[in-house]
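# Geometric and topological summary
Listed here are the chains, written in short residue letters.
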Amino acid sequence: MSYSAYETWRDTPIDGEPWLSVVIPAYNESERIVPTVAATAVHLSALGRPWELIVSDDGSRDATVEVLKGLGLANLRVVLAPANAGKGAAVRRGILAARGELVLFADADNSTPIEEIDHLVAAINSGADVAVGSRAVEGAEESSKSRLRHALSAISRVLT
């Protein structure tokens with residue numbers, strides 16, 4: 001990645017529609033949002049295509065919004081909710097605000113590394129209408145989860 005690609009993304013608003021919109025729902029994420037934004041910016045700026053980052057704040061009570069605004073990123077938009085309405089509402093609000101040809105939803109804790117987008121884009125470029133990444137598919141690994149958390153996740157997937 002060239003630093004100049006990041007600088008361009010950081011300083012120059014996109015002219016026209018972006019190729020990609022990344023939507024990150026956030027609620028009280030002031031402690032972990034900056035590393036996620038940084039990792040996303042580093043990887044996606046290196047791709048050489050216009051992209052935007054949308055953080056859909058869900059009524060945070062901490063400094064999440066102030067931290068994001070303080071970054072001074074030209075292609076970061078913070079979408080605000082009047083009150084906490086849940087992750088689903090935050091995702092929906094962010095996706096509705098997205099302008100990109102492609103839209104990626106990612107978690108604020110960067111639990112799935114942004115580099116995984118390369119696989120999703122490859123699937124779209126191969127003709128898929130939708131590409132979904134999941135830690136529940138064959139070959140995926142979930143680390144540092146307790147047995148209870150694994151069991152609850154499995155039950156949740158079955159119920160869903």
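To start, this report covers the structure provided alongside it. Each chain has its residues counted from 1, running along the sequence as written. Thresholds applied to this predicted model are a pLDDT of at least 70 for local features of residues and 80 or more for the giving and counting of side-chain atom pairs; totals over whole chains, interfaces and linings are not thresholded and use all residues. Hydrogens and waters are ignored; side-chain quantities use all the structure's heavy atoms.

Consider a sheet: its strands pair through backbone hydrogen bonds, and that pairing is either parallel or antiparallel. By the convention used here, strands pair only if DSSP detects at least 2 bridges between them. The secondary structure listing takes helices from DSSP runs of H or I that are at least 4 residues long and strands from runs of E that are at least 2 residues long, numbered from the N terminus. With parallel pairing, four strands are arranged side by side in an open sheet as β3-β2-β1-β4. Pairing within the sheet leaves two strands with one partner each, and these edge strands are β3 (76-80) and β4 (102-105). Taking each pair of neighbouring strands and ignoring which way they run, the sheet shows an average axis angle of 20°. Across seven bridges, the pairing between strand β1 (residues 20-26) and strand β2 (residues 51-57) is parallel. Bridged to Ile-24 within β2 is Val-55. Packing against the sheet, helix α4 (residues 87-97) makes contact with β1, β2, β3 and β4, and its axis sits at approximately 145° to β2. Throughout, an axis means a line fitted to C-alpha atoms (over the contacting stretch in the case of helices), and angles, computed between N-to-C directions, take values from 0 to 180 degrees. The contact criterion used is simple: two residues touch if any of their non-hydrogen atoms lie within 4.5 Å.

This brings us to the side chain of Thr-40. Its place among the elements puts Thr-40 in helix α2 (residues 33-45). Exposure classes here rest on a 1.4 Å probe applied to the protein chains alone. A residue is buried below 20% of its type maximum, exposed above 50%, and partly exposed in between. Judged by relative accessible area, which is 2%, Thr-40 ranks as buried. In this view, Thr-40 contacts Val-22, Ser-45, Trp-51 and Ile-114; residues no more than four positions away in its chain are not counted.

What follows covers α4. Along α4, the residues classified as buried are Ala-90, Val-91, Gly-94 and Ala-97. Viewed along the axis of α4, the buried residues span an arc of 130°, placing them on a single side of the element. Turned more than 90 degrees away from the buried face of α4 sit Gly-88, Arg-92 and Leu-96, all of them exposed. Elements that come into contact with the buried residues of α4 comprise β1, β2, β3 and β4. Think of it as the arc spanned by the lines of direction from the helix axis to the C-beta atoms.

Within β1, seven of the seven residues are buried, leaving the element largely enclosed by the surrounding structure. Of the two faces of β1, the one lined by Leu-20, Val-22, Ile-24 and Ala-26 and the one lined by Ser-21, Val-23 and Pro-25 are each fully buried. Note on the crossover from β1 through α2 to β2: the handedness is right-handed. Of the pairings in the sheet, the one linking β1 to β4 comprises four bridges and is parallel in character. Each residue of the ladder has a partner; that of Val-23, found in β4, is Phe-105. Crossover handedness is defined here as right-handed if the route from the first strand over the helix to the second strand goes clockwise, with the strands pointing away from the viewer.

In short, geometric facts, not functional conclusions.
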